[in-house]
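# A look at the structure
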Amino acid sequence: DEVWLTGPDAGPVGTVALASPVHDGLADVIVSIKLSAQDQPLAIGSADGPRLGALSLPYALAEDI
């Protein structure tokens, strides 16, 4: 599925790479998105789709990738 920005600048900004159901209709997902979208409100499938919430990575990302 595509990952979308929500709100007035809605549009696709990435894709779901992996998803796994957790409980109560929730899932853990790994997404690939544009860096400019990382602090924006995101949804899956469309701007009106299920909302994504960010979790912190347990490691640092390389700055040059």
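For the structure itself, consult the block above.
An account of the accompanying structure is given in this report. Please read these numbers as outputs of a predicted model, since none were measured by experiment.

The rules behind the values
Residue positions are counted from 1 within each chain, in the order its sequence is given. With the structure being a predicted model, the display of local features is reserved for residues of pLDDT at least 70 and the display and counting of side-chain atom pairs for 80 or more, all residues being used for whole-chain, interface and lining totals. For the side-chain quantities, the full set of heavy atoms in the structure was used; hydrogens and water were omitted. Only residues whose relative accessible area exceeds 30% and that form no salt bridge are eligible for patches; like-charged ones are grouped when within 9 Å, while nonpolar side chains (Val, Leu, Ile, Met, Phe, Trp, Tyr) are grouped when within 5 Å. Here the open area of atoms and residues is found with the Shrake-Rupley method and a 1.4 Å probe, where only the protein chains shown may cover a residue. Throughout this description, the term salt bridge denotes a Lys or Arg side-chain nitrogen within 4 Å of a carboxyl oxygen of Asp or Glu. Runs of H or I in DSSP of at least four residues are treated as helices and runs of E of at least two as strands, each being numbered from the N terminus. Partly exposed describes any residue whose relative accessible area lies between the buried limit of under 20% and the exposed limit of over 50%, with all areas from a 1.4 Å probe on protein chains only and scaled to the type maximum. Here a strand pair is declared whenever DSSP counts at least two bridges between the two strands.

## Quick notes on a nonpolar patch on the surface
- Taken together, the side chains of Leu-57, Tyr-59, Leu-61 and Ile-65 make up a nonpolar region of the molecular surface, amounting to roughly 480 Å² of accessible area.
- Turning to its location among the elements, Leu-57 is positioned in the segment after β5 (51-52).
- A relative accessible area of 45% means that Leu-57 is categorised as partly exposed.

## Some words on the pairing of strand β1 (residues 2-5)
- Taking every second residue as pointing to the same face, the buried face of β1 carries Val-3 and Leu-5, while none of Glu-2 and Trp-4 on the other face is buried.
- Both β1 and strand β2 (residues 11-21) contribute to a ladder of four bridges, which runs antiparallel. Across the sheet, the residue bridging to Val-3 is Gly-14, located in β2.
- Between β1 and the antiparallel strand that follows it, β2, lie five residues; Gly-7 among them carries a positive phi value of about 85°.
- The sheet contact formed by β1 and strand β4 (residues 42-44) spans three bridges and is antiparallel. Each residue of the ladder has a partner; that of Leu-5, found in β4, is Leu-42.

## Concerning the sheet that holds strand β3 (residues 27-33)
- Pairing in this open sheet of five strands is antiparallel, and the strands run β3-β2-β1-β4-β5 from one edge to the other. The sheet is open, and its two borders are formed by β3 and β5, each paired with just one other strand.
- Pairing of β2 with β3 involves seven bridges; the strand directions are antiparallel. Bridged to Pro-21 within β3 is Ala-27.

Honestly, it's all geometry; don't read function into it.
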